[in-house]
Amino acid sequence: MPDDYKDEYLLRLEKSLIYETLRNQCQKKDTEVITLVDNAVSYAFQRTKTIVKHMGEFTLHDGDHLFRVLNLMERLLTEETIRKLSSPELMLLILSAFFHDIGMSPDEQDVLALRKIWDSDPEFADEHEKKKYDEFNRFFSARPSQQDVINELIDQGKHSNAETIKSYLITEFIRQTHADRAREIIEKDWNNKIVFRDTDLTVEFAQICFSHNEDALTILDFDKSLLCGVGTYACLPLIAVILRLADILDFDGKRTPSILYSHLYVRHPVSVKEWNKHRAVEAWDITPDLIQFSAKCTHPAIEASIHEFCNLIDRELCVCNNIISTVNDFNTGKARDITIKFPFKVNRDKINTKKDIRNKPLYIYRDTQFNLSKQQVIDLLMGTKLYGNPEVALRELLQNSIDACLLRQAQEVKWGNPYSPEIEVKYYSDGKDVILQVEDNGTGMDQYIIDNYYSTVGSSFYKSTDFYNLKSESNADFTPTSRFGIGILSCFMVADTLIVDTKRVYAPHKSSEALNITVEGQESIFWIKEGERQTPGTTTKLALRKAQNPWERLTEEAFIKSVENVVPNPPFKINIETSSHKKVRDQHSFKAITTQSLKDYTWKDHENIKTFEIEFSRQDIGIIGSATVAILERHGKPIKSLELNSKDINIEGQVYTLEKSMRISENSISESSQSITISDDGEINEDYSSRKFAESKSSLSLHGIEVPTSLFPQSWMRKNNQVRIEWPFPLVLVVDICGNRDLDLNSPRTEIILSEKWIDFEEQLAYLICSDIANSVPTEYWEELRDILTENSENENFLRALNKIDRNDPRWS
């Protein structure tokens, strides 16, 4: 009975040709090798059972996967080649098949630590558990969109769906880190135990297991003729390549395909269990000459997922064929009669749609998905349809530079290096073209960033897991202004040629090679060549079109002013330079912007209007700026309305009323009057007129970048879902949203969109302004004013702010 568990794996293992060949080679003088393999396979097979306990239906890397990998190794190598392999090669093939995914089986307490990310107040048993929690927290924090999905599902009462997403995230984290974890497990439990005769192969074994999840080209560095005993060698690249292909030919069981994941909760959902049925199918034909899968698919997402994996296998076959050719050449040079070959592509002839009883397909499959017409997208972005004002190009370049500098600043602080972020905006003629140039000393770009984000419309680096991982690693405490991934296209509103010099910082005193990129025309390819930039950062030059240069008619002073308007509150120094003028704008410049600059003729002095000048510098909650508020008064007390004069006059027996009154209302104070006029013919006419005092105005910037919109738009100009402040008094407002506070914007960043972020901001702003008024007037005055404001407002955000003052101010306790 104690050995019954061996039946689970030993009987299957004994059917393996690789195992049989190894046992025959070792039965005389290397019997300890078989004992080692038996014990190691038992350990790995039993450990993989813990995966099911924690990951449910997302478990695609169980013991069956390990045996399938071993079987696929045999199909790739053929019986003839297996008989020619050395004992250490056979041993490492078996062990790598069973240990390459051992990192997918973390300790139970580690998985429980990961799940604590969703506890409101997690407690940890020890530092190890806290460390594992922190590692997953960084991974989870780098995926805010997934957090939003989970919260939305919970709000909708779909708790089982939310749990599925949580399981998916835990599985994805374990998958992405499993290669490192495999090395840790091997070091902890098998260090100095993977031995052939007197040669310890533990390090090489761990390298092979780790390599299957790394760039394939790293395999080229492995020893092609590792001495394991007298006259006995092991070709490590051969083993690593066979492991890599065998693993991926099992449809890369470590992950759920993205196409399938997008169909988990749509109208016609596809479960992961259904996908498992297809990926586990035994209908395959794999030889050195042919790789073919057979599948009868019941859903287009399944069929698309299979083709997606076949594309991945095709790419892997291409790389592995290049590697194995060097191995074959090496073996030939060593007079070793071993030649390996693989097909270059997967044969897909037998991947079909399942048919019904009438021999009709369940659906019509085409490799058709939504694709973007680049010209149409550019037309949409370029015209008044979306971006409108061509000056947006400058704003987009500046916000990209600011984000890059803030990120590098956080990195340099962590590395302990001195760093001063700086941006230069230049406007000049090079003799041929008028150039708009923006240069920064930020993080810069390398080929990876260019390929995956800069050149990909709609893919923003600052919304990616790459950014969130960097932000977490460097403890960067800022909210990026770049977010949509379409801003760089705005450059083609004003220019046909875009020239970029860039160099990316990686670590202290380590950076990428410099790159020079030229894009001529919005439909042009990227012309990339070696750059000459010496330090990290990015320089972008736009050769402006003469007919569409929005700054062409400006004086140099006016150009500088337009740049200042775009960045009213930069977080660091920005140098602005033209051919004859220079100006510096920095984090202190915002202090010079006051509400006085926004006040128009309606804000003239009036004996019945009292104004309150308010400043707020709350970096801690992300709101800085100033406001001027107007309140209607009489005899030093706040009032809702005021009758200035009223008189009845009798003209030829007809009574006429002459009156004038003022009233505080939403975003203004209005004056209305009734009078009479006498025409040349002696007719008496009654006239009604009105005018406004103290009309509301605003200037708002988000993380230092101007948002060119009013917070008080006229109703007829207000767009769907656009925010509007509707408070029971007029005010002039100059405010910058900073720190970690954020607002949702439309794509061209010209309007603020109504969302939870706006609701919280409006309430906080109302609290700051009203509490300042409350603290500057007598208690009786505030009580009367509070009643007037409450009576005349239907804005829930504003009313909540008033109630907070009542609760928190000690005068109301």
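Residues numbered from 1 in each chain as written. Predicted model: local features only at pLDDT ≥ 70, side-chain atom pairs only at ≥ 80, totals over all residues. Heavy atoms only, no water.

**Q** Can you break down the overall build of the protein chain residue by residue, with the values?
**A** Helix and strand counts for the protein chain stand at 23 helices and 28 strands. Of the contacts made within the protein chain by residues no fewer than 6 positions apart, 68% connect residues no fewer than 24 positions apart. When the accessible surface of the protein chain is summed, it comes to about 39,500 Å², and 47% of that surface belongs to carbon and sulfur atoms. (Helix = DSSP H or I, 4+ residues; strand = E, 2+ residues; numbered from the N terminus. Contact = heavy atoms within 4.5 Å. Areas by Shrake-Rupley, 256 points an atom, 1.4 Å probe, with all protein chains shown as cover.)

**Q** Outline unusual backbone geometry, supporting the account with residue identities and numerical values.
**A** Look at N192: it is not a glycine, yet its phi comes out positive at around 65°. Here N192 shows up in the loop between α10 (159–190) and β1 (195–196). Judged by relative accessible area, which is 52%, N192 ranks as exposed. (Buried < 20%, exposed > 50% of the residue type's maximum accessible area, 1.4 Å probe, protein only.)

**Q** Explain the pairing of strand β11 (residues 495–503) to me, and be specific about the residues and the numbers.
**A** Here 8 bridges tie β11 to strand β16 (residues 537–544), and the two strands are oriented antiparallel to one another. If you follow L498 over to β16, its bridge partner there is L542. Note: β11 against strand β14 (residues 515–520), 6 bridges, orientation antiparallel. Across the sheet, the residue bridging to T497 is E520, located in β14. (Pairing = 2+ DSSP bridges.)

**Q** Now, about the sheet that holds strand β17 (residues 573–577): what can you tell me, with residues and values included?
**A** Reading across from one edge, β15-β14-β11-β16-β10-β9-β17-β18 is the order of the 8 strands in this open sheet, with mixed pairing throughout. At either end of the open sheet lies a strand with only one pairing partner, and these are β15 (527–530) and β18 (582–585). Between one strand axis and the next, the sheet turns by 15° as a mean value, whatever way the strands run. As paired strands, β17 and β18 are joined by 4 bridges and run antiparallel to one another. (Axes fitted to C-alpha atoms, helices over the stretch in contact; angles between N-to-C directions.)

**Q** Describe helix α5 (residues 63–84), with residues and values.
**A** Here α5 is 22 residues long, yet its end C-alpha atoms lie only 28 Å apart, well below the 32 Å a rise of 1.5 Å per residue gives. Of all the bends in α5, the largest measures some 95° and sits at T78. (Expected span 1.5 Å × (residues − 1). Bend = angle between axes of the 7 residues up to and from the residue.)

**Q** Explain the packing of aromatic side chains to me, and be specific about the residues and the numbers.
**A** Each pair of aromatic rings is reported with the distance of its centres and the angle of its planes. This structure, assessed with the given rule, holds 19 aromatic pairs. Both rings, one in F136 and one in F173, keep their centres 5.2 Å apart while their planes meet at 65°; by these two values the pair is edge-to-face. Of this pair, F136 sits in helix α8 (residues 127–141) while F173 sits in helix α10, and the two are 37 residues apart along the sequence. A residue is classified by how much of its surface remains accessible, and F173, at 5% relative accessible area, is buried. Above the face of the F210 ring, R183 is positioned so that its terminal group lies 3.6 Å from the ring centre. Sitting above the plane of the W190 ring, K193 keeps its charged end 5.8 Å from the centroid. (Phe/Tyr/Trp six-rings, centres within 6.5 Å; stacked < 30°, edge-to-face > 60°. Lys NZ or Arg CZ within 6 Å of the ring centre and 35° of its normal.)

**Q** Can you lay out the pairing of strand β19 (residues 609–618) for me, pointing to particular residues and giving the numbers?
**A** Regular strands have side chains that alternate between both faces of the sheet. Taken together, the 10 bridges between β19 and strand β20 (residues 623–634) define a ladder with antiparallel strand orientation. Bridged to T611 within β20 is A630. From the end of β19 to the start of β20, which pair antiparallel, there are 4 residues, and G622 there has a positive phi angle of about 75°.

**Q** Tell me about the nonpolar core, and please be specific about residues and values.
**A** Side chains that are nonpolar tend, in soluble globular proteins, to be buried together. Core analysis: the largest hydrophobic core is formed by 89 residues, its most contacted members being M73, M91, I94, F98 and F99. The element best represented in this core is helix α15 (residues 300–333), accounting for 12 residues. (Core = buried A, V, L, I, M, F, W, Y, C linked by side-chain atoms within 4.5 Å.)

**Q** Can you tell me about helix α21 (residues 756–776), naming the residues and giving the values?
**A** Taking 1.5 Å of rise per residue, the 21 residues of α21 would be expected to cover 30 Å, and the 31 Å separating its terminal C-alpha atoms lies within 8% of that figure. Looking only at α21, the buried set comprises W758, F761, E762, E763, L765, A766, L768, I769, C770, S771, I773 and A774.

**Q** Can you tell me about the packing of helix α3 (residues 31–47) against α10, naming the residues and giving the values?
**A** The relative placement of two packed helices comes down to the angle between their axes together with the axis-to-axis distance. Between α3 and α10, whose axes approach to 13 Å, the crossing angle comes to 130°. Taken together, the axes of α3 and α10 lie oblique to each other. Our pair here, α3 against α10, has a crossing hand that is right-handed. Two secondary-structure elements touch here, α3 through L36, N39, A40, Y43 and R47 and α10 through I185, D189 and W190. Grouping the amino acids of the contact of α3 with α10 by side-chain chemistry returns 5 nonpolar, 1 polar and 2 charged. (Parallel < 35°, antiparallel > 145°, perpendicular 65-115°, else oblique. Left-handed = near helix turned anticlockwise from the far one by under 90°. Nonpolar A, V, L, I, M, F, W, Y, C, P; charged D, E, K, R; others polar.)

**Q** Explain the environment of E80 residue by residue, including any values.
**A** When you line up the elements, E80 lands in helix α5. Residue E80 is classed as exposed on the basis of its relative accessible area of 55%. Through-space distance from the C-alpha of E80 to that of I338 is 9.2 Å; in sequence the pair is 258 residues apart. Among the polar contacts listed, one links the side chain of E80 to the side chain of K84, at a separation of 3.4 Å. (Polar contact = N/O pair within 3.5 Å; in protein donor to acceptor, adjacent residues only side chain to side chain.)

**Q** Any chance you could break down the side chain of R504 for me, citing the residues and the numbers?
**A** With respect to the secondary-structure elements, R504 resides in the loop between β11 and β12 (505–507). In this structure R504 touches T443, G444, M445, D446, I449, L470, S511, S512 and P536, once residues within four positions along its chain are discounted.

**Q** An account of the pattern of salt bridges is requested, with residue identities and associated values reported.
**A** A side chain with one charge may pair with a side chain of the opposite charge, provided their charged atoms come close. Inspection of the entire model under this criterion finds 41 salt bridges. With a closest N to O distance of 2.8 Å, D760 and R741 form a salt bridge. Placement of D760 in helix α21 and of R741 in the loop between β28 (731–737) and α21 is noted, with a sequence separation of 19 residues between them. With a relative accessible area of 38%, D760 lands in the partly exposed category. Since its relative accessible area comes to 12%, R741 is described here as buried. For K757, the salt bridge goes to D742, with nearest N and O atoms at 3.6 Å. Placement of K757 in helix α21 and of D742 in the loop between β28 and α21 is noted, with a sequence separation of 15 residues between them. By relative accessible area, D742 is classed as buried at 13%. (Salt bridge = Lys/Arg side-chain N within 4 Å of Asp/Glu carboxyl O.)

**Q** Tell me about the confidence of the model for the protein chain, and please be specific about residues and values.
**A** In regions of low pLDDT, the predicted coordinates are not meant to be interpreted in detail. Overall, the predicted model of the protein chain reaches an average pLDDT of 82, with 85% of residues at or above 70. Averaged pLDDT values over the elements of the protein chain bottom out at 51 in helix α13 (residues 258–261) and peak at 94 in helix α6 (residues 87–99). With pLDDT under 50 throughout, residues 55–60 is counted as low confidence; its partners more than four residues away or in other chains account for 23 contacts. Counting contacts from residues 384–388, a segment whose pLDDT is below 50, to residues more than four positions away or on other chains yields 17 contacts. (pLDDT = per-residue confidence, 0-100.)

**Q** Quick one: what's the story with the environment of Y767, residue by residue and with numbers?
**A** Among the structural elements, Y767 can be located in helix α21. In this structure the C-alpha to C-alpha distance between Y767 and A801, which are 34 residues apart in sequence, comes to 4.8 Å.

**Q** Before we move on, can you summarise the environment of K471 with the specific residues and values?
**A** Relative to the helices and strands, K471 resides in helix α19 (residues 465–474). The spacing of K471 and R408 is 63 residues in sequence and 9.8 Å in space, taken between C-alpha atoms. Apart from the residues lying within four places of it in its own chain, the contact partners of K471 are A476 and F478.

**Q** Lay out the side chain of T443 with the relevant residues and their values.
**A** Here T443 shows up in the loop between β10 (434–440) and α18 (447–454). A relative accessible area of 7% places T443 in the buried class. When neighbours within four sequence positions are excluded, T443 is seen to be in contact with A404, L407, R408, Q411, K503, R504 and V505.

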